[in-house]
Amino acid sequence: MPKETVYQIIVADGSEARIFKRINKLGNLLQVTHLSHTRQSTHEHGPDKPGRGFESASPERHAYEPKTDWHEHQKEIFLKDLINLTHRSYNQHEFGELIVVCPPHLLNVFRQGLKDHLDEEKIKEINKDWTHFPLEAIQEKLQELRI
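Residues numbered from 1 in each chain as written. Predicted model: local features only at pLDDT ≥ 70, side-chain atom pairs only at ≥ 80, totals over all residues. Heavy atoms only, no water.

Chemist: Lay out the overall build of the protein in plain terms, naming residues and giving numbers.
Modeler: Counting its secondary structure elements, the protein contains 3 helices and 7 strands. Ordering the α and β elements of the protein from the N terminus gives β-β-β-β-β-α-β-α-β-α. The proportion of buried residues among the 147 residues of the protein is 34%. Within the protein, counting contacts between residues at least 6 apart in sequence, those at least 24 apart form 56% of the total. Summed over all atoms, the accessible surface of the protein reaches about 9700 Å², with 50% contributed by carbon and sulfur. (Helix = DSSP H or I, 4+ residues; strand = E, 2+ residues; numbered from the N terminus. Buried < 20%, exposed > 50% of the residue type's maximum accessible area, 1.4 Å probe, protein only. Contact = heavy atoms within 4.5 Å. Areas by Shrake-Rupley, 256 points an atom, 1.4 Å probe, with all protein chains shown as cover.)

Here it is as structure tokens:
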């Protein structure tokens, strides 16, 4: 009897992730965990626009270097934590294949973070945002895509 393949499905955006497991391609989804990250705005951490500087010897003005966008920085931190969690799960043989569902700009972060740890053929990518879909809708969409 062939060994059953366990799929891990990650449905994520920049501040929320739902992790599902499924045994074989046609198995039912089981939600394993739901992760969320704070959505703090940049202005909650100080001014979000750079100030202006004045040259003392002339009337020239210079803008300061732009500060990091806190909101984008928080997304990166959340995704790196999610990637580390995925590495640990894979190293503990909790799944054989991975399906990542997230918006295109975040999919690139996943791809870069996972490329050294998982074979590309074991990762399937879907560039959509399904984080707010119910479990049944996600399962239906995966079946429509034959994944």
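Chemist: Provide a residue-level description of the nonpolar core, including the pertinent values.
Modeler: In this structure, Leu82, Leu98 and Phe110 are the most contacted members of the largest nonpolar core, which totals 19 residues. Contributing elements (two or more residues each) for this core: β1 (6-12), β2 (16-23), α1 (70-91), β6 (97-101) and α2 (104-114). A per-element tally of this core places α1 first, with 5 residues. Ignoring any residue separated from it by four or fewer positions in sequence, one finds Leu98 in contact with Gln8, Ile10, Thr86, Leu114, Leu118, Lys122, Ile123 and Lys124. Ranked by size, the runner-up nonpolar core spans 12 residues in total, among them Val11, Leu29, Val101 and Ile138. (Core = buried A, V, L, I, M, F, W, Y, C linked by side-chain atoms within 4.5 Å.)

Chemist: I'd like a rundown of α2, residues and numbers included.
Modeler: All of the buried residues along α2 are Leu106, Leu107, Phe110 and Leu114. What you see down the axis of α2 is that its buried residues fit within an arc of 105 degrees, all on one side. If you follow the buried residues of α2, they end up packed against β1, α1, β6 and β7 (123-126). (Arc of directions from axis to C-beta.)

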